[in-house]
Amino acid sequence: MELTQSMLANLLDRVPRPSGVLHLSQDIDPHALVEKLASLHGEPRALVLDGVMAPGVSEVHGANLLDLLDLLEDRAETVVAWADGGQWLGAGTAMDAQGDIVPMLAATPRQEQALSAGIARQDEDWVERLIGITGWVLPPRRPDVDWAQVETRTGTRLPRDFKRMVETFGEGAFDEYLHLNQEPWTDWKEDGLLVWAGTEHKNLYCWRIDDGDPDLWPVTVQTYDGENVPFDCSTAEFVCRILVEKDHPFTMARYFDTHWFMTYRTNV
């Protein structure tokens, strides 16, 4: 049976909310189910492989992935999951009430690690904060980036927290909205700007560059109408704050209560 987009939408609507499992017909190909969901939600996190919990799942702090596994009551065979807004969405195969291994969908609410109000210490590890806020549980996506080559092409050294963000998250977008460049755009370098991210609303997230320490370059947002808005903070700190601070001028917290990073598929 070919799994169409409308069929998938219907199946997702039938998953009990806020927490529940939907066992599916054996006519549905579980691999096609996972691939169809991956095309919408990005690279999944492995939870159970051949009946065994995937390494590291139980140690993930604050991600409450175990809540999803608890729904399956040790009946999971192969299950993967996505952070989808305020929920974990699971798919794969599991044993049903009759003892048959069948395709399944599951969902459970997702919690995030909140950013404490008023934090402004210069030694704050904002990348680690960002990992907590997004519930990130995948291994580093691009740990072997040759930054020497990237910086040669760019013509300058780059901020360390940006490099860690790329190494950690890889290609994708925060909340499916803020797209993280894997290499800064140099289109506006003559104007003193390097672009490290962009949004669906055509805002460009840049650094105001100089010959000083790249870790001290301030973030500048170039809006869709050409206005440059400066912020005295680092790259990762800026992303953390727009994700959780509702009064930030470029906030995403007004639109999403829980935040995630959608990893673009690279292995389909």
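Let us look at the structure shown here. Because the structure is a prediction, the values reported are computed rather than measured.

1. Focus: the pattern of salt bridges
If charged atoms from side chains of opposite charge come close, those side chains can pair.
Part 1 of the argument: Summed over the entire model, instances satisfying the criterion amount to 8 salt bridges.
Part 2 of the argument: Between R153 and E183 there is a salt bridge; the shortest N-O distance is 2.9 Å. Of this pair, R153 sits in helix α5 (residues 147–154) while E183 sits in strand β8 (residues 178–185), and the two are 30 residues apart along the sequence.
Part 3 of the argument: Of the residues examined, E183 reaches a relative accessible area of 28% and is grouped as partly exposed.
Part 4 of the argument: Between E237 and R241 there is a salt bridge; the shortest N-O distance is 3.0 Å. Taken together, the residues span about one helical turn, with E237 and R241 both in helix α7 (residues 235–244) at a distance of 4 residues.
Part 5 of the argument: A residue is classified by how much of its surface remains accessible, and E237, at 15% relative accessible area, is buried.
Part 6 of the argument: For R241, a relative accessible area of 12% translates into the label buried.
Part 7 of the argument: What you see here is one network of salt bridges that share partners, running through D125, E128 and R164.

2. Details of the side chain of H259
Part 1 of the argument: If you trace the backbone, H259 turns up in the loop between α7 and β13 (261–263).
Part 2 of the argument: Of the residues examined, H259 reaches a relative accessible area of 2% and is grouped as buried.
Part 3 of the argument: Polar contacts involving the side chain of H259 include one to the side chain of D175, which spans 2.7 Å.
Part 4 of the argument: In this structure the side chain of H259 is engaged in a polar contact, spanning 2.5 Å, whose partner is the backbone oxygen of L243.

3. So, the pairing of strand β2 (residues 45–49)
Each regular strand shows side chains that alternate between the opposite faces of the sheet.
Part 1 of the argument: Where β2 meets strand β4 (residues 76–84), 3 bridges bridge the pair, whose relative direction is antiparallel. Within β4, the residue paired with R45 across the bridge is A81.
Part 2 of the argument: Pairing of β2 with strand β3 (residues 52–53), which is carried by 2 bridges, proceeds in the antiparallel orientation. When the bridges of β3 are listed, V48 appears paired with M53.
Part 3 of the argument: The turn linking β2 back onto β3 is made up of 2 residues, and D50 within it adopts a positive phi angle of 50°.

4. Digging into the sheet that holds strand β1 (residues 20–23)
Either a parallel or an antiparallel arrangement is found when strands of a sheet pair, and the pairing is made through backbone hydrogen bonds.
Part 1 of the argument: Here we have 6 strands laid out as an open sheet, ordered β1-β6-β5-β4-β2-β3, and antiparallel in their pairing. The open sheet has two free edges, formed respectively by β1 and β3, since each of these has just one partner strand.
Part 2 of the argument: Of the strand pairs in this sheet, β1 and strand β6 (residues 101–109) are connected by 4 bridges, and their pairing is antiparallel. Considered in β6, the bridge of V21 is made with A106.
Part 3 of the argument: Along the sheet, helix α2 (residues 30–41) makes contact with β4, β5 (87–95) and β6, crossing β5 at roughly 170°.
Part 4 of the argument: This element, helix α3 (residues 65–72), spans β1, β2, β3, β4, β5 and β6 of the sheet and lies at about 135° to β6.

5. Details of the nonpolar core
Part 1 of the argument: Ranked by size, the top nonpolar core spans 40 residues in total, and within it L178, W196, Y205 and F238 carry the most contacts.
Part 2 of the argument: With 6 residues, the single largest contributor to this core is α7.
Part 3 of the argument: Excluding its chain neighbours within four sequence positions, the residues that come into contact with L178 are G172, A173, A197, G198, T199, Y205, V239, I242 and M252.

What counts and what doesn't
Residues numbered from 1 in each chain as written. Predicted model: local features only at pLDDT ≥ 70, side-chain atom pairs only at ≥ 80, totals over all residues. Heavy atoms only, no water. Salt bridge = Lys/Arg side-chain N within 4 Å of Asp/Glu carboxyl O. Helix = DSSP H or I, 4+ residues; strand = E, 2+ residues; numbered from the N terminus. Buried < 20%, exposed > 50% of the residue type's maximum accessible area, 1.4 Å probe, protein only. Polar contact = N/O pair within 3.5 Å; in protein donor to acceptor, adjacent residues only side chain to side chain. Pairing = 2+ DSSP bridges. Contact = heavy atoms within 4.5 Å. Axes fitted to C-alpha atoms, helices over the stretch in contact; angles between N-to-C directions. Core = buried A, V, L, I, M, F, W, Y, C linked by side-chain atoms within 4.5 Å.

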